[in-house]
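# Descriptive analysis of the structure
These are the residues of each chain, in order.
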Amino acid sequence: PDELYRVGSYWGNNFSDAVYSYDELAIPYRSNDEALTVFKVKKDSYTKKIDALASGNLDELNEILQSEGLNELNKFDFRRIQNSYCDIQNSIKKEKRITCNTKYGIAGTVAEWYNPNDKSVKWFNGGAPQFITPLNVRDMETLGIVTEVE
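Attention shifts here to the pattern of salt bridges. Enumeration according to the criterion identifies 7 salt bridges in this entry. Salt-bridge contacts for glutamate 141 lead to arginine 138; the nearest nitrogen and oxygen are separated by 3.6 Å. Of this pair, glutamate 141 and arginine 138 both sit in helix H5 (residues 137-142), 3 residues apart, which is roughly one turn of that helix. Judged by its relative accessible area of 27%, glutamate 141 falls in the partly exposed class. Among the residues examined, arginine 138 registers a relative accessible area of 37% and is labelled partly exposed. By sharing partners, the salt bridges in this structure join Lys42, Lys49 and Glu68 into a single network.

Written as structure tokens, this is what we have:
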């Protein structure tokens, strides 16, 4: 999508493509309009940046960033973002039990959420589109992948 919507901190990587209710998003908190942030997605270099990051090619990533007028990464920041990328990849595959290629993220639908002690009690309906990106918001901002819409 051209825009991603997130309810929560900049350290997360779950998004929707529009405003949905907390019930549809299966978010177990009181509704809070201030927790919603909309991001514009720069899609034209997204896969190139993820490819460079996934392959460990700092020079290639910095070349892309420089061509877009963005600050280059030093080795420390590159390793930090790369480690975060790997952690998220492992989390997607392990916790979500996903077996498809998750290199660029995954898309799906928010699941229903039931009381773990009583499966007959549904807590949330889910149903909203969901996008799980391979990087958190902070790292995507650093790489120029997303910018907050004011």
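The way to describe two aromatic rings as a pair is by their centre distance and the angle between their planes. This model, assessed by the stated rule, comprises 5 aromatic pairs. Considering the side-chain rings of tyrosine 10 and phenylalanine 39, the 5.4 Å spacing of their centres and the 75° angle between planes classify their relative orientation as edge-to-face. Of the two residues, tyrosine 10 sits in the loop between strand S1 (3-7) and strand S2 (14-15) while phenylalanine 39 sits in strand S3 (residues 36-41), which places them 29 residues apart along the sequence. For the pair formed by tyrosine 10 and phenylalanine 39, the shared burial category is buried. When the ring of tryptophan 113 is compared with that of tryptophan 123, the centres are 5.9 Å apart and the planes differ by 70°; the resulting orientation is edge-to-face. Note that tryptophan 113 is positioned in strand S5 (residues 113-115) and tryptophan 123 in strand S6 (residues 118-124), a separation of 10 residues in sequence. Looking at tryptophan 113, the relative accessible area reads 33%, which means it is partly exposed. Through a chain of ring-to-ring contacts, three or more aromatic side chains come together here, namely Tyr10, Phe15 and Phe39.

Rolled over the atoms, a probe as big as a water molecule pinpoints where empty space is left. Roughly 240 Å³ of internal volume is contained in the largest pocket. As for the largest pocket, its lining consists of 15 residues, of which Pro1, Leu4, Tyr46, Tyr104 and Thr133 are closest to the centre. Broken down by secondary-structure element, the contributors of at least two residues to the lining of the largest pocket are strand S4 (106-109) and strand S7 (129-132). Taken together, the residues of the lining of the largest pocket sort by class into 12 nonpolar, 2 polar and 1 charged. As a volume, the second largest pocket reaches approximately 200 Å³. Lining the second largest pocket are Tyr5, Arg6, Val7, Gly12, Asn13, Asn14, Phe15, Ser16, Leu25, Ile27, Val110 and Gln130. Among the secondary structure elements, those contributing two or more residues to the lining of the second largest pocket are S1 and S2. Residue composition of the lining of the second largest pocket, grouped by class: 6 nonpolar, 5 polar and 1 charged.

Rules behind the numbers
- Residues numbered from 1 in each chain as written.
- Predicted model: local features only at pLDDT ≥ 70, side-chain atom pairs only at ≥ 80, totals over all residues.
- Heavy atoms only, no water.
- Salt bridge = Lys/Arg side-chain N within 4 Å of Asp/Glu carboxyl O.
- Helix = DSSP H or I, 4+ residues; strand = E, 2+ residues; numbered from the N terminus.
- Buried < 20%, exposed > 50% of the residue type's maximum accessible area, 1.4 Å probe, protein only.
- Phe/Tyr/Trp six-rings, centres within 6.5 Å; stacked < 30°, edge-to-face > 60°.
- 1 Å grid on protein atoms, 1.4 Å probe; cavity = no way out; pocket = protein on both sides within 12 Å on 5 of 7 lines; lining within 4 Å.
- Points joined across faces, edges and corners; volume = space filled by probe spheres on them.
- Nonpolar A, V, L, I, M, F, W, Y, C, P; charged D, E, K, R; others polar.

By themselves these figures say nothing about function.
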